[in-house]
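Residues per chain, in single letters:
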Amino acid sequence: QVQLVESGGGLVQPGGSLRLSCAASGSIFSINAMGWYRQAPGKQRELVARITTGGSTNYADSVKGRFTISGDNAKNTVHLQMNSLKPEDTAVYYCNAQLAGIWRPYWGQGTQVTVSS
């Protein structure tokens, strides 16, 4: 089995910062990419940021310049540094991993991020 465990969520004020972490463990041969998605109540889950093991990244337009995704291939870990947080960033953030040779992605259980005064 493969497990993804997220951490780092919480309550922050607008303009504040938060860092999310996700560690993959279990029966892993190779990971092609990991990323972060988020889902607010009543809305579709959306891509926030993604990084490949080769270091290529992509971001949602709404977070460009504010969020930074990084990874540690040796530890099968990905981080999301979130700066200048806005109330509209409030959502459950889910870690995602695409394993080499496996058609379906793996998902973490999610961590709540709330941006409010």
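Just above sits the structure.
Parameters and conventions
Residues numbered from 1 in each chain as written. Predicted model: local features only at pLDDT ≥ 70, side-chain atom pairs only at ≥ 80, totals over all residues. Heavy atoms only, no water. Phe/Tyr/Trp six-rings, centres within 6.5 Å; stacked < 30°, edge-to-face > 60°. Helix = DSSP H or I, 4+ residues; strand = E, 2+ residues; numbered from the N terminus. Lys NZ or Arg CZ within 6 Å of the ring centre and 35° of its normal. Disulfide = S-S within 2.5 Å. Core = buried A, V, L, I, M, F, W, Y, C linked by side-chain atoms within 4.5 Å. Buried < 20%, exposed > 50% of the residue type's maximum accessible area, 1.4 Å probe, protein only. Contact = heavy atoms within 4.5 Å. Polar contact = N/O pair within 3.5 Å; in protein donor to acceptor, adjacent residues only side chain to side chain. Pairing = 2+ DSSP bridges. Axes fitted to C-alpha atoms, helices over the stretch in contact; angles between N-to-C directions.

Colleague: Before we move on, could you go through the packing of aromatic side chains and cite the residues and values that matter?
Modeller: Geometrically, a pair of aromatic rings is defined through the distance of the ring centres and the angle of the planes. Following the criterion strictly, the structure yields one aromatic pair and no others. Summarising the aromatic geometry, the rings of Tyr37 and Trp107 are spaced 5.0 Å apart at their centres and angled 70 degrees between planes, so their arrangement reads as edge-to-face. With Tyr37 in strand β4 (residues 31-39) and Trp107 in strand β10 (residues 106-107), this pair connects stretches of sequence that are 70 residues apart. A cation over a ring is seen here: Arg45 above Trp107, with NZ or CZ 4.6 Å from the ring centre. If you follow Arg104 out to its NZ or CZ, it ends over the ring of Tyr106, 4.8 Å from the centre.

Colleague: An account of the state of the cysteines is requested, with residue identities and associated values reported.
Modeller: Under the definition given, this model contains one disulfide. Between the sulfur atoms of Cys22 and its disulfide mate Cys95 the distance is 2.0 Å. Note on the Cys22 and Cys95 pair: the S-S dihedral is about -85 degrees, so by sign convention the disulfide is left-handed. You can see Cys22 sitting in strand β3 (residues 18-26) and its partner Cys95 sitting in strand β9 (residues 91-99), a full 73 residues away along the chain.

Colleague: Pulling in residues and values, what's your account of the nonpolar core?
Modeller: By size, the foremost hydrophobic cluster in this structure holds 30 residues, and its most contacted members are Met34, Trp36, Leu80, Met82 and Tyr93. Contributing elements (two or more residues each) for this core: β1 (2-7), β3, β4, β5 (46-52), β7 (67-72), β8 (77-82), β9 and β11 (111-115). Sorting elements by how many residues they give to this core places β9 first, with five residues.

Colleague: Go over the environment of Val12 with me, naming the residues and quoting the values.
Modeller: Secondary-structure assignment places Val12 in strand β2 (residues 10-12). Judged by relative accessible area, Val12 falls into the buried class, the value being 11%. For the pair Val12 and Ser116, spaced 104 residues apart in sequence, the C-alpha separation works out to 6.3 Å. In this structure Val12 touches Ser17, Leu18, Leu85, Thr114, Val115 and Ser116, once residues within four positions along its chain are discounted.

Colleague: Describe in detail the side chain of Glu6, supporting the description with residues and values.
Modeller: Relative to the helices and strands, Glu6 is located in strand β1. A polar contact of 2.9 Å, which involves the side chain of Glu6, links it to the backbone nitrogen of Cys95. For Glu6, the side chain forms a polar contact with the main-chain nitrogen of Gln109, separated by 3.1 Å.

Colleague: I'd like to hear about the sheet that holds β7, residue by residue, with values.
Modeller: To summarise the sheet geometry, strands pair through backbone hydrogen bonds and adopt either a parallel or an antiparallel arrangement. If you walk across this open sheet you meet the four strands as β1-β3-β8-β7, and the pairing is antiparallel. Edge strands, defined here as strands with exactly one partner in the open sheet, are β1 and β7. On average, each strand axis in the sheet is inclined to that of its neighbour by 15 degrees, with strand direction left out of account. Of the pairings in the sheet, the one linking β1 to β3 comprises six bridges and is antiparallel in character. Bridging across to β3, Val2 finds its partner in Gly26.

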